[in-house]
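Each chain is listed here by its residues.
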Amino acid sequence: MLHFDYNTDADIALDELISQIVVSTSDKAGNEFSRVTIDPNTVPLNPTRAALHYSVTLYRLPRGGRNLYIARIQVFGNYE
């Protein structure tokens, strides 16, 4: 589950536009085994307003042994 919240005390703050969210998982050797792309249709994340919530389901390696995997989250928008 992803939660985006843009809180600021600045006198002037601009909206951030989120155009794409990519979530991927890889093993410790760097082999990617799961990826999902969320296309939020360029949704604005407004300062000090309602938060945005997204959920994704990713393939997960079976538990046991010393399996380690890394989740990577990339957010693309007007602030890239």
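Residues numbered from 1 in each chain as written. Predicted model: local features only at pLDDT ≥ 70, side-chain atom pairs only at ≥ 80, totals over all residues. Heavy atoms only, no water.

A. Focus on the packing of aromatic side chains. Taken as a whole and assessed by the stated rule, the structure comprises one aromatic pair. A centroid spacing of 5.9 Å and a plane angle of 80° characterise the contact between F33 and Y69, whose relative ring orientation is edge-to-face. Of this pair, F33 sits in strand β3 (residues 32–38) while Y69 sits in strand β6 (residues 69–77), and the two are 36 residues apart along the sequence. (Phe/Tyr/Trp six-rings, centres within 6.5 Å; stacked < 30°, edge-to-face > 60°. Helix = DSSP H or I, 4+ residues; strand = E, 2+ residues; numbered from the N terminus.)

B. Structural context of the side chain of S24. Structurally, S24 is set in strand β2 (residues 16–27). Under the relative-accessibility criterion, S24 is labelled buried at 6%. Other than its neighbours up to four places away in sequence, S24 contacts E32, S34, R35, I70, A71 and R72. (Buried < 20%, exposed > 50% of the residue type's maximum accessible area, 1.4 Å probe, protein only. Contact = heavy atoms within 4.5 Å.)

C. Region of the structure containing the nonpolar core. L2, F4, Y6, I18, I21, V23, I38, V43, L45, L52 and Y54 form the largest nonpolar core, which has 11 residues in total. Of all elements in the fold, only β1 (2–4), β2, β4 (43–45) and β5 (52–54) reach the threshold of two or more residues within this core. Here V23 is in contact with L2, S34, R35, V36, V56, L58, R72 and I73, once residues within four sequence places are set aside. (Core = buried A, V, L, I, M, F, W, Y, C linked by side-chain atoms within 4.5 Å.)

D. Up close: the side chain of S26. Its place among the elements puts S26 in strand β2. By relative accessible area, which is 17% here, S26 ends up buried. For S26, the residues in contact, after removing those within four places along its chain, are N31, E32, F33, L68, Y69 and I70.

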